[in-house]
Amino acid sequence: MIKINYDKCCWRDGECTSCSCDEECTGCLEACPVEAITRDDKVIIDNEKCIDCDACISACEKGALSLE
Ligand code: SF4
Ligand code: SF4
């Protein structure tokens, strides 16, 4: 099961709040092979779809994702 730390995730209230990137952070969304990650106001992980591949963890430069 993937857990997200919303204090570390730079996507908040529907926008990227990172000071270190010019564009919206899409690392975790693009990395996921099964489209288990969606984003509106915040990033949501659908653990029913997730296959525990870890791709999103290494893709997230903020260290916001972890495997439990
Ligand atoms: S562990 Fe893999 S399948 Fe699960 S949310 Fe992350 S990228 Fe997607
Ligand atoms: S890659 Fe990390 S910081 Fe960026 S939206 Fe995903 S969880 Fe948040």
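### Side note on the site of ligand 2
Here's step 1: Surveying the vicinity of ligand 2 reveals the residues Ile4, Cys9, Cys10, Cys25, Cys28, Val43, Cys60, Lys62 and Leu65.
Here's step 2: Looking at the shell around ligand 2 residue by residue, the classes come out as eight nonpolar, no polar and one charged.

### Concerning the site of ligand 1
Here's step 1: In the neighbourhood of ligand 1, the contacting residues comprise Ile2, Cys32, Pro33, Val34, Ile37, Cys50, Ile51, Asp52, Cys53, Asp54, Ala55 and Cys56.
Here's step 2: Under a 2 Å grid-point criterion requiring more than half of the atoms, the pocket assigned to ligand 1 is the second largest cavity.
Here's step 3: Looking at the shell around ligand 1, its residues break down into ten nonpolar, no polar and two charged.

### Focus on the packing of aromatic side chains
Here's step 1: Scanning all chains against the criterion turns up zero aromatic pairs.
Here's step 2: It is Arg39 that lies over the ring of Trp11; its NZ or CZ is 3.5 Å from the centre.
Here's step 3: Over the ring of Tyr6 we find Lys42, and its NZ or CZ is 4.8 Å from the ring centre.

### Points about the nonpolar core
Here's step 1: Ile37, Val43 and Leu65 are the most contacted members of the largest nonpolar core, which has 15 residues in total.
Here's step 2: When residues no more than four places from it in sequence are discounted, the contact partners of Val43 are Ile4, Tyr6, Cys9, Trp11, Cys28, Ile37 and Thr38.

### Notes on the environment of Cys25
Here's step 1: As for its placement among the helices and strands, Cys25 is situated in the loop between β3 (15–16) and α1 (27–31).
Here's step 2: Classification of Cys25 as partly exposed rests on a relative accessible area of 25%.
Here's step 3: With 16 residues separating them along the chain, Cys25 and Asp41 place their C-alpha atoms 13 Å apart.
Here's step 4: Apart from the residues lying within four places of it in its own chain, the contact partners of Cys25 are Cys10, Cys16 and Arg39.

Here is what the cut-offs are and how they apply
Residues numbered from 1 in each chain as written. Chains lettered and ligands numbered in written order. Predicted model: local features only at pLDDT ≥ 70, side-chain atom pairs only at ≥ 80, totals over all residues. Heavy atoms only, no water. Near = heavy atom within 4 Å. Nonpolar A, V, L, I, M, F, W, Y, C, P; charged D, E, K, R; others polar. 1 Å grid on protein atoms, 1.4 Å probe; cavity = no way out; pocket = protein on both sides within 12 Å on 5 of 7 lines; lining within 4 Å. Sits in = over half its atoms within 2 Å of the grid points. Phe/Tyr/Trp six-rings, centres within 6.5 Å; stacked < 30°, edge-to-face > 60°. Lys NZ or Arg CZ within 6 Å of the ring centre and 35° of its normal. Core = buried A, V, L, I, M, F, W, Y, C linked by side-chain atoms within 4.5 Å. Buried < 20%, exposed > 50% of the residue type's maximum accessible area, 1.4 Å probe, protein only. Contact = heavy atoms within 4.5 Å. Helix = DSSP H or I, 4+ residues; strand = E, 2+ residues; numbered from the N terminus.

By themselves, these observations are geometric and do not establish any function.
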